[in-house]
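Residue-level structure breakdown
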Amino acid sequence: AAKTPGKKCYMEQTRYTAATDFQAHVHVVMLGTNDAWHRNGEPKKVAEAIASLVADLRRRHGVAKSVVIVQPPGVKAGRLSDNLTQHVHPQL
């Protein structure tokens, strides 16, 4: 999740540390459905958070590592798709 008061930020979780400590050849980042979908979410922060995550992965593992960014499964036309298209993708 994007850094938002009252929400958990993935990069601050032990799972993130474990995932980045594992020397993967490819990192797959799924766009956050919560921040991009909920009416009270902050879709504009999603792009910032993903850019920060990708920068951290590159800092830890070098720019040669592949990072693949994917949409959540089942994305259909509507608020989620619109937020991802209008707010998240242009920022990346």
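Whatever comes next refers back to the structure up there.
So, how was this worked out
- Residues numbered from 1 in each chain as written.
- Predicted model: local features only at pLDDT ≥ 70, side-chain atom pairs only at ≥ 80, totals over all residues.
- Heavy atoms only, no water.
- Buried < 20%, exposed > 50% of the residue type's maximum accessible area, 1.4 Å probe, protein only.
- Helix = DSSP H or I, 4+ residues; strand = E, 2+ residues; numbered from the N terminus.
- Pairing = 2+ DSSP bridges.
- Salt bridge = Lys/Arg side-chain N within 4 Å of Asp/Glu carboxyl O.
- Patch = residues over 30% accessible without salt bridge, like charges linked within 9 Å, V, L, I, M, F, W, Y side chains within 5 Å.
- Areas by Shrake-Rupley, 256 points an atom, 1.4 Å probe, with all protein chains shown as cover.

A word on the pairing of strand E1 (residues 26–30)
What you see with E1 is a clean split: His 27 and Val 29 sit on the buried side and Val 26, Val 28 and Met 30 on the side with no burial. When E1 meets strand E2 (residues 66–70), the two strands line up parallel, connected through five bridges. Pairing of Val 28 across the sheet is with Val 68, part of E2.

Observations regarding the pattern of salt bridges
What the rule picks out here adds up to three salt bridges. The closest approach of N and O atoms between Arg 59 and Asp 56, which form a salt bridge, is 2.5 Å. A residue pair is termed a helical-turn pair when its members lie 3 or 4 positions apart in one helix, as Arg 59 and Asp 56 do in helix H3 (residues 43–61) at three residues. With relative accessibility at 61%, the residue Arg 59 sits in the exposed group. Assessed through its relative accessible area of 9%, Asp 56 is described here as buried. Put simply, Asp 56 and Arg 60 hold a salt bridge, and the shortest N to O gap is 2.8 Å. In this pair, Asp 56 and Arg 60 are both assigned in helix H3, four residues apart and thus about one turn of the helix distant. Salt bridges linked by common partners bring Asp 21, Asp 56, Arg 59 and Arg 60 together as one network.

Notes on a nonpolar patch on the surface
A cluster of nonpolar side chains, namely Val 26, Val 28 and Val 68, defines an oily patch on the protein surface of about 240 Å² accessible area. Its place among the elements puts Val 28 in strand E1. Note on Val 28: relative accessible area 58%, which makes it exposed.

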